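Residue-level structure breakdown
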Amino acid sequence: MKILFASAEAHPLIKTGGLADVTGSLPRAIRNLRHDIRVIIPAYQSVLKQQEKFTLVAHLELEGVAQPVRILAGRLPGSTVTLYLVDSPEHFDRPGNPYTLKQGAVWPDNAERFTTFCRAVEALSMDAAGLDWQPDIVHCNDWQTGLVPPLLARHLPRPASLFTIHNLAYQGLYDWKVFKKLKLPADFWSMEAMEFHNQFSFIKGGLVFADWITTVSPTYAMEIQTSEFGYGLEGLISHRTDTLSGIVNGVDYSVWNPGRDLHIPVQFNARSLTHKIENKQALQEHFRLPVDENIPIFATISRLVEQKGIDLILDIVPQLVKQNAQLIVLGSGDSKLEAGIRAAVKAHPKRVAAHIGYDESLSHHIEAGADIFLMPSRFEPCGLNQIYSQRYGTVPIVRNTGGLADTVTDTTPETLAAKTATGFSFNAATSSALLEAVDRALGYYRQPAIWQQLVCTGMKQDFSWKHSAQLYIKLYETILARRADEAVAESA
Ligand code: ADP
Ligand code: GLC
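Now for a look at the structure at hand. What you see is a predicted model, and the numbers here were worked out from it, not measured in a lab. (Residues numbered from 1 in each chain as written. Chains lettered and ligands numbered in written order. Predicted model: local features only at pLDDT ≥ 70, side-chain atom pairs only at ≥ 80, totals over all residues. Heavy atoms only, no water.)

Points about helix H11 (residues 274–286)
Taking 1.5 Å as the rise per residue, H11 with 13 residues should run 18 Å; its terminal C-alpha atoms sit 19 Å apart, in good agreement. Contacts from the buried residues of H11 go to strand E13 (297–304), strand E14 (326–333), helix H15 (360–369) and helix H19 (431–445). One or two residues past the end of H11 sits Arg-288, with phi positive at roughly 55°. (Helix = DSSP H or I, 4+ residues; strand = E, 2+ residues; numbered from the N terminus. Expected span 1.5 Å × (residues − 1). Contact = heavy atoms within 4.5 Å.)

What follows is the structure, encoded as structure tokens:
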């Protein structure tokens, strides 16, 4: 099969969150299963600066876009996957991350930027870029690619489309004035299309027009059909329940493997857990915390946003301190949460430490050196750190939602006996429920034999992409077969 995979981020070239990890690894797994998958992302300034081996393969005039854009081609680093870059300097040649100049300040022209991107994806999908290559299926990811399915739906014949929701909270909503500037077909602004409560919704394009919708875990696929998680889109999503499914993310164990990880001071595996203690001590030194292997280290690595329940962690700092634990936070985002973390560090300098910012290498060291990973998310489409944590012998405490529910097995007498326990989960999104799970975890932490069992069971879990990549391939085949039937009906 020929697949075009469109995304706004791709690790290691450009990353703000888990979408980049998925774009950087799923296509490679699909390529390894011998399919011709190619990735397309915008040519951000920081991407062009990193890689020089991009060649110009096409000039494109896009409908509704003033300046012509260029398509550059190269490889997704560390793979044989072809990577296309949409080079539109007026939209992407600027500092900052894909969506903001700095945290909070979103680019005012994001709608134009990602419309241009979607138009370019449409052109490549219709083999209108002179590349002599047309995908059978276009796999779109999140709102930044939401206009691709409706743009494609205007062509016949056309490739099939799949839209993957990594996070329904980000929708790409713009008012009428912005919509006018996008020079899109007028009927895109209608209730049956992308109009949503008098706004123009990029994500609705994917939800209405894609041939199939997936989310990044089976539990989240159920949750977004309810009002608690659906943001008012639950009706539309439930309506598509026959063409909606959840496939849990895999992880790239060539990047996240404590046995080979060059970001961490000492490599280790389940048979050399004493080396994990050396990482722990180095981590305590790094953060200038008292160095003591018997003090449990709780950690979190996260975008600091409401979704992640960071406020719940801040609420229980006094209890963690009372329990003689240490807490390490790596993250950036919401300024109130950043201030809350700084205040906790100031109040308990020997107990709480933080790095406010983004630091890839430090994130690996924290995974390697901590004992317990906190992920009390209010919602979590999949979540990756609870999976990385397991491989690094860092036992996760998670809220029982979305992908967290699908990837962590709570510790109970039964799951301990069956040797399936990998962490701790709790239900209510409250600090008292989190605290209860923390207390349970600490109870077991003080029983070294049981703790070691939890650590080792986690380290043995296999969340590699192979299985999920096969599920995507089966799904692509299903979508193509359905699309072929529809195309016959449409042309009759
Ligand atoms: P989300 O995509 O919602 O942010 P995920 O758990 O899927 O959540 O993925 C988050 C990814 O971003 C992980 O790879 C995590 O290690 C990384 N990450 C988040 N914040 C930071 C940070 N401050 N420094 C380094 N890596 C971070
Ligand atoms: C999103 C979600 C996260 C998921 C990631 C990759 O950012 O918040 O749960 O793991 O996408 O799919």
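Still to come is the rest of the account.
Regarding the site of ligand 1
In the vicinity of ligand 1, 21 residues are found, and the nearest of them are Lys-15, Gly-18, Asp-21, Arg-303 and Lys-308. Contact between ligand 1 and Leu-384: an oxygen atom at 2.9 Å from a main-chain N or O atom of the residue. The contact in question runs from an oxygen atom of ligand 1 to an N or O atom on the side chain of Asn-385, over 3.3 Å. Here ligand 1, which alone exposes 560 Å², has 93% of that area covered by the protein. Contributing elements (two or more residues each) for the shell around ligand 1: helix H1 (18–32), E13, E14, H15 and helix H16 (385–391). (Near = heavy atom within 4 Å. Polar contact = N/O pair within 3.5 Å; in protein donor to acceptor, adjacent residues only side chain to side chain. Areas by Shrake-Rupley, 256 points an atom, 1.4 Å probe, with all protein chains shown as cover.)

Here's the deal with the packing of H11 against H15
Direction vectors running N to C along H11 and H15 enclose 125°, while the axes themselves pass 8 Å from each other. Judged by the angle between their axes, H11 and H15 are oblique. The way H11 lies across H15 gives a crossing that is left-handed. Contacts from Lys-276, Asn-279, Lys-280, Ala-282, Leu-283 and His-286 of H11 reach H15 at Leu-362, His-365, Ile-366, Glu-367, Ala-368 and Gly-369. (Axes fitted to C-alpha atoms, helices over the stretch in contact; angles between N-to-C directions. Parallel < 35°, antiparallel > 145°, perpendicular 65-115°, else oblique. Left-handed = near helix turned anticlockwise from the far one by under 90°.)

Some points on the sheet that holds strand E16 (residues 372–375)
Ordered by their spatial adjacency, six strands build an open sheet running E15-E14-E13-E16-E17-E18, and the pairing between neighbours is parallel. Because the sheet does not close on itself, it has two edges, and the strands there are strand E15 (352–356) and strand E18 (424–426). Strand-to-strand, the axes of this sheet are offset by a mean angle of 20°, without reference to chain direction. As defined by bridge partners, E16 adjoins strand E17 (residues 395–399) across four bridges and the pair is classed as parallel. What sits directly across from Met-375, in E17, is Val-398. Most of the contacts of H15 go to E13, to which it runs at about 150°, and overall it touches E13, E14, E15 and E16. Across the face of the sheet, helix H20 (residues 448–460) comes into contact with E16, E17 and E18 while running at roughly 75° to E17. (Pairing = 2+ DSSP bridges.)

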